[in-house]
Amino acid sequence: MATFAAPAATSVAIPRSGRATGFWRYVRRNPMLGIGLTLLLLMILFSTVGTFFINTKKDPYPLAGPASKPPSLKYPLGTDAQGRNLLGVMILGTQYTLRIGLLAGTIGTVVGTVLAFVGAYYGGILDAVINWMVDVLLTIPGGLILIVVASTLKSYITIENTAFLIALLAWVVPARTIRAQVLTLRERPFVLMARLSGMNGPEIIFKELVPNLIPFLLASFVSSVNGAVLTSLGLALLGLGSQRDPTLGMTINFVLKYSAILRGLWWWWLAPVIVIVLLLVALALVSIGMDEWANPRTRRTA
């Protein structure tokens, strides 16, 4: 009797911990994911709390000052050739870049998830059409499409429009990867039992399939955000971003446009490079950690 009591208590204790508690326990075992989340949290705090120290209502260029001034007590990161305080530019630039990534990543993940679940579960002509669209878009260089569209609509580009533009292709990869997972789950015994119990398609999707794929969906979302941030930086670097908003990519574009490196204005390009590196490293570490968490074969247990 005593031999079988311990496993029973253990099996009850696992569900009580909850998914959130289990995730944070996993973060402790995965230093890479923990470091990535910490860096990302610091970047978010920098871009949100920092806005309380700048005034963007009276001046579209935050904390405007004298042009081309090196770092000082008054201007910790110096000013650029347009007289913008680079500290304010970095605060708003980080916020705008994260906004683009989150908005495009959310739209791409939601659209890709819906198409993947509907197509993979119901199959038939609908799944064939969705799969054909994904195959076609994967063979076409997505960056080239975005460059052509952004250059055509250059005068209408804003932060939100940039996010929607990137989201036009951000759903393709999630649709492909999530579809593969749904195909493996729809034939599992628990899905067959749900069908026999009288549950319809939407109920099975939301009550049986989605909960089992939450780790994978979160990993796909982080990966989509990371890809959207990289894409927005690339478009802005080519001058195809919002000209009115000091995103991180547009700051680098201005650095090249006004020859800051040749003019010896090292503080102008150093600040955005450091912020961009920290942001990309944070997203990359979180993405790698989430992928490992979503995969039972690579998930760390100790």
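Residues numbered from 1 in each chain as written. Predicted model: local features only at pLDDT ≥ 70, side-chain atom pairs only at ≥ 80, totals over all residues. Heavy atoms only, no water.

Moving on, we get to the nonpolar core. Counting 34 residues, the largest nonpolar core has L40, L248, W268, L279 and M290 as its most contacted members. Contributions of two or more residues to this core are made by α1 (2-29), α2 (31-49), α3 (86-122), α10 (214-237), α11 (248-257) and α12 (266-294). For this core, the leading source of residues is α12, giving 12 residues. The residues contacting L40, other than those within four sequence positions of it, are L98, L279, A282, L283 and V286. Counting 16 residues, the second largest nonpolar core, distinct from the first, contains I159, I166, A228 and L235. (Core = buried A, V, L, I, M, F, W, Y, C linked by side-chain atoms within 4.5 Å. Buried < 20%, exposed > 50% of the residue type's maximum accessible area, 1.4 Å probe, protein only. Helix = DSSP H or I, 4+ residues; strand = E, 2+ residues; numbered from the N terminus. Contact = heavy atoms within 4.5 Å.)

Here we take up a nonpolar patch on the surface. On the surface, L237, L256, I261, W266, W269, L270, V273, I274, V277, L278 and V281 cluster together to form a nonpolar patch covering roughly 920 Å² of accessible area. It is α12 that contributes the most residues to the nonpolar patch, 8 residues altogether. Checked against the element boundaries, V281 lands in helix α12. On the basis of relative accessible area, V281 is assigned to the partly exposed category, the value being 38%. (Patch = residues over 30% accessible without salt bridge, like charges linked within 9 Å, V, L, I, M, F, W, Y side chains within 5 Å. Areas by Shrake-Rupley, 256 points an atom, 1.4 Å probe, with all protein chains shown as cover. Salt bridge = Lys/Arg side-chain N within 4 Å of Asp/Glu carboxyl O.)

Glancing now at the packing of helix α9 (residues 201-212) against α10. It is the contact of α9 with α10, at a shortest axis distance of 4 Å, that shows an interaxial angle of 65 degrees. In this structure, α9 contributes V210, P211 and N212 to the contact, and α10 contributes I214, P215 and L217. Tallied by class, residues from the contact of α9 with α10 come to 5 nonpolar, 1 polar and no charged. (Axes fitted to C-alpha atoms, helices over the stretch in contact; angles between N-to-C directions. Nonpolar A, V, L, I, M, F, W, Y, C, P; charged D, E, K, R; others polar.)

Under the criterion given, the structure shown has 5 salt bridges. In this structure, E160 and R99 form a salt bridge, with 3.6 Å as the shortest nitrogen-oxygen distance. Taken together, the residues E160 in helix α6 (residues 159-170) and R99 in helix α3 connect sequence positions 61 residues apart. With a relative accessible area of 34%, R99 lands in the partly exposed category. In this structure, R179 and D127 form a salt bridge, with 2.9 Å as the shortest nitrogen-oxygen distance. Separated by 52 residues along the polypeptide, R179 in helix α7 (residues 172-185) and D127 in helix α4 (residues 124-139) bring together distant segments of the chain. In this structure D127 comes out as buried when scored by relative accessible area, which is 11%.

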